[in-house]
Amino acid sequence: HQIPLQYVPVEKLQTLAFKGNHQGAVATISTMYYQPLEDIIKATLEANKVPLFVMLDGVTDVRNVGAIARSMECMGANGLILPISGGAALNADAMKVSAGALNYLPVCREKHLLDAAYMLKEYDIQLIACTEKGKDVFYQADFKVPTCLIFGSEEKGISPTLLKIASQQVKIQMQGQISSLNVSVAVGMILSEVVRQRIC
């Protein structure tokens, strides 16, 4: 059923079970309803919308994911794509930071992000990898066409396999002494450019 498992010390189980009788296992239930990616794509196309997705590769901070979801909902994005394992849990903190956006934004969890990327390409949705190593500045990309923006963690970035199949790699030009932005800020900046291009 693609439910992620994690083995932890007994002390962690006792904490999760509030020192109750856990019998060696504890389950957390998500408040989110996850949708199949293909269903979201089809629903977007049937509504005559130009698809706009965001894929997060290895982003584990729940506050970042919540803030990203909030920006996505405000900018009219159609869906958030997360990995089943290796990504942030969409818990109460994520919901709070999203200001309720996670109640409206379609979210899917994929076993392999690479498979999800290939599915997007089958529907002619371009993959734009947003990385500080990108050759082009983000406003040089054509966002008027169906697009999925890919963002990686601030520590590891986007995985090489996703970078390899991306249609384009873009960056945000830096002017200061610090060479990287918080991922949620970067998502907000690039989503704003997508909206600007699509409205103008």
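Higher on the page you've got the structure.
Structure report, in brief. (Residues numbered from 1 in each chain as written. Predicted model: local features only at pLDDT ≥ 70, side-chain atom pairs only at ≥ 80, totals over all residues. Heavy atoms only, no water.)

**Here's the deal with the pattern of salt bridges**
Just so we agree on the cut-off: In the sections that follow, a salt bridge refers to a side-chain nitrogen of Lys or Arg positioned within 4 Å of a carboxyl oxygen of Asp or Glu. Only protein chains enter the area calculation, which uses a 1.4 Å probe; residues under 20% of their type maximum are buried, those over 50% are exposed, and those in between are partly exposed. Secondary structure elements follow DSSP: runs of H or I of four or more residues count as helices, runs of E of two or more count as strands, with numbering from the N terminus.
One pass over the full model with this rule turns up two salt bridges. Here Asp-61 makes a salt bridge to Arg-63, at a shortest N to O gap of 3.3 Å. Taking relative accessible area as the criterion, Asp-61 reaches 27% and is therefore assigned partly exposed. With a relative accessible area of 48%, Arg-63 lands in the partly exposed category. For Glu-193, the salt bridge is made with Arg-196, and the minimal N-O distance between the two is 2.9 Å. With a gap of three residues between them, Glu-193 and Arg-196 both fall in helix 7 (residues 183–199), about one helical turn apart. With a relative accessible area of 8%, Glu-193 lands in the buried category.

**Description of the packing of helix 2 (residues 37–46) against helix 5 (residues 113–122)**
As a reminder, the rule being used: Geometry is summarised by axes, namely lines fitted to C-alpha atoms with helices restricted to the contacting stretch, and by angles between N-to-C directions that run from 0 to 180 degrees. Just so you know how the angles are binned, under 35 degrees is roughly parallel, over 145 roughly antiparallel, 65 to 115 roughly perpendicular, and the rest oblique. Left-handed describes a crossing whose near helix is turned anticlockwise from the far helix by less than a right angle; the clockwise case is right-handed. Any pair of residues with heavy atoms lying within 4.5 Å of one another is described as a contacting pair. Classes in brief: Ala, Val, Leu, Ile, Met, Phe, Trp, Tyr, Cys and Pro nonpolar; Asp, Glu, Lys and Arg charged; the others, Gly included, polar.
The contact between helix 2 and helix 5 brings their axes to 11 Å, and the two run at 25 degrees. In this view, helix 2 runs roughly parallel relative to helix 5, as classed from their interaxial angle. The handedness of the crossing between helix 2 and helix 5 comes out as right-handed. Of helix 5, the residues touching helix 2 (which contributes Leu-37, Glu-38 and Ile-41) are Ala-116, Met-119 and Leu-120. Taken together, the residues that form the contact of helix 2 with helix 5 break down as five nonpolar, no polar and one charged.

**Remarks on unusual backbone geometry**
Phi angles above zero are rare outside glycine, and Ala-99 is one such case at about 55 degrees. Despite not being glycine, Asp-124 shows a phi value in the positive range, around 60 degrees. Relative to the helices and strands, Asp-124 resides in the loop between helix 5 and strand 4 (126–130). With relative accessibility at 63%, the residue Asp-124 sits in the exposed group.

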